[in-house]
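So the chains spell out like this:
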Amino acid sequence: MIRKLSENDHKQVLSFLREEPSINLFIIGDLEVFGYHSDFQEIWGEFDPQGEFKAILLRFYQSFIPYAKGEFNVRGFASIMNEYRKPLYLSGKSAIVERFESYKELELGPKQVTYFAECRSPENLGTTDLEIHSAGIEDVDRIISLRSTIKEFQIRSDAREILLKSIESNTSRTYYTEENGIMTSCVSTTAENSISAMIVGVCTRNENRRQGLATGIMQKLFNDVLSEGKTLCLFYDNPEAGRIYKRLGFKDIGMWTMHR
């Protein structure tokens with residue numbers, strides 16, 4: 001059985017999701033911030049005959065994230081998704097997302113597969129002597145400007161609005177370095193919730209690279225987040241970046257697929 005969920009299901013939902021806090025940080029974070037009754041957010045659950053969860057599907061605007069621990073009603077979730085206007089965005093654990101790819105009516109966009117890694121301990125992090133700043137709302141334009149200089153980054157048209165909202169809702173924080181008033185390097189969290197946080201936007205201006213800036217900022221940010229008892233996670237598809245993250249204590253836990 002599949003039905004829409006409400007606050008009455010919250011305790012059972014969290015119990016189901018907490019077994020993989022990194023994989024489910026987007027769902028957990030969105031529920032903690034926006035709840036079950038937003039125009040732009042809904043969540044459905046599939047139950048077995050004993051009333052236990054088999055799977056969950058979250059909608060955030062036109063983005064969907066499914067999660068399951070075993071077999072689930074893929075067709076039922078695909079039918080729900082198909083009721084919404086296109087384009088649809090789908091992301092999640094690769095083994096789960098790939099099960100939706102045969103449903104051509106979803107009109108899924110280009111596919112990107114990345115490594116998914118997490119860090120639970122600060123023992124490999126070390127410390128830094130860099131002067132590091134914590135960004136506020138007044139720094140949003142500088143952050144977007146710096147990210148725009150990185151050719152590997154795809155800056156969405158609504159990137160500024162999303163970053164602004166995430167800072168205001170305390171689901172994101174950004175640390176940065178600067179020189180002569182110019183932001184030289186930064187790293188952010190996103191989808192930060194009570195038990196986990198995603199690392200995004202690790203970047204350094206071309207002229208300031210190979211000075212250890214990004215590594216120093218990550219050491220500071222990672223130590224701060226882990227000291228709060230949260231698990232850190234991130235995506236990466238660049239082997240060189242992967243080696244840096246692993247030196248800082250990250251371990252691969254699976255693959256993540258996005259259709260954009």
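Look a little higher up for the structure.
We now turn to the structure provided with this report. (Residues numbered from 1 in each chain as written. Predicted model: local features only at pLDDT ≥ 70, side-chain atom pairs only at ≥ 80, totals over all residues. Heavy atoms only, no water.)

## Here we look at the packing of aromatic side chains
Here the structure, examined in full by the defined rule, presents 21 aromatic pairs. In this structure an aromatic cluster arises from ring pairing among Y115, F222, Y236, Y245 and F250. (Phe/Tyr/Trp six-rings, centres within 6.5 Å; stacked < 30°, edge-to-face > 60°.)

## Quick look at the nonpolar core
Of all hydrophobic cores here, the largest spans 63 residues; its most connected members are I27, F100, F222 and L232. At six residues, helix α7 (residues 213-227) tops the list of elements feeding residues into this core. When residues no more than four places from it in sequence are discounted, the contact partners of I27 are L17, I43, I56, L58, I65 and Y67. Ranked by size, the runner-up nonpolar core spans 13 residues in total, among them A135, I143, L146 and I167. (Core = buried A, V, L, I, M, F, W, Y, C linked by side-chain atoms within 4.5 Å. Buried < 20%, exposed > 50% of the residue type's maximum accessible area, 1.4 Å probe, protein only. Helix = DSSP H or I, 4+ residues; strand = E, 2+ residues; numbered from the N terminus. Contact = heavy atoms within 4.5 Å.)

## Considering the packing of helix α5 (residues 140-148) against helix α6 (residues 159-168)
The packing of two helices is summarised by the inter-axis angle and the distance between the axes. In contact at an axis separation of 10 Å, α5 and α6 are set at 135° when each is read in the N-to-C sense. Relative to α6, the element α5 lies oblique. Here α5 runs over α6; the crossing is right-handed. For the pair α5 and α6, the contacting residues are V140, D141, I143, I144 and R147 in the first and A159, R160, L163, L164 and I167 in the second. Of the residues that constitute the contact of α5 with α6, the class distribution is seven nonpolar, no polar and three charged. (Axes fitted to C-alpha atoms, helices over the stretch in contact; angles between N-to-C directions. Parallel < 35°, antiparallel > 145°, perpendicular 65-115°, else oblique. Left-handed = near helix turned anticlockwise from the far one by under 90°. Nonpolar A, V, L, I, M, F, W, Y, C, P; charged D, E, K, R; others polar.)

## Describing the pattern of salt bridges
Under the counting rule described, the total for this entry stands at 20 salt bridges. One salt bridge connects E46 with K54, and the closest N-O pair in it is separated by 3.7 Å. Assessed through its relative accessible area of 6%, E46 is described here as buried. On the accessibility criterion, K54 (29% relative accessible area) is partly exposed. Residue R120 is joined to E118 by a salt bridge in which the shortest nitrogen-to-oxygen separation is 2.9 Å. A relative accessible area of 53% means that R120 is categorised as exposed. Residue classification places E118 among the buried positions, given a relative accessible area of 14%. Where salt bridges share partners, they join R173, E192, E228 and K230 into one cluster. (Salt bridge = Lys/Arg side-chain N within 4 Å of Asp/Glu carboxyl O.)

## Notes on the environment of R120
By the secondary structure assignment, R120 is in the loop between β6 (111-119) and β7 (133-134). For the pair R120 and L226, spaced 106 residues apart in sequence, the C-alpha to C-alpha distance is 7.0 Å. With near-sequence residues (within four places) excluded, R120 lies in contact with P21, L226 and T231. Within the structure, R120 has its side chain in polar contact with the side chain of E118 (distance 2.9 Å). (Polar contact = N/O pair within 3.5 Å; in protein donor to acceptor, adjacent residues only side chain to side chain.)

## Some thoughts on a nonpolar patch on the surface
On the surface, V113, Y115 and M255 cluster together into a nonpolar patch covering about 230 Å² of accessible area. Topologically, M255 is positioned in strand β12 (residues 251-259). Under the relative-accessibility criterion, M255 is labelled partly exposed at 32%. (Patch = residues over 30% accessible without salt bridge, like charges linked within 9 Å, V, L, I, M, F, W, Y side chains within 5 Å. Areas by Shrake-Rupley, 256 points an atom, 1.4 Å probe, with all protein chains shown as cover.)

## Considering the side chain of Q62
Mapped onto the fold, Q62 is located in the loop between β3 (53-60) and β4 (63-68). Classification of Q62 by relative accessible area gives buried; the value is 17%.

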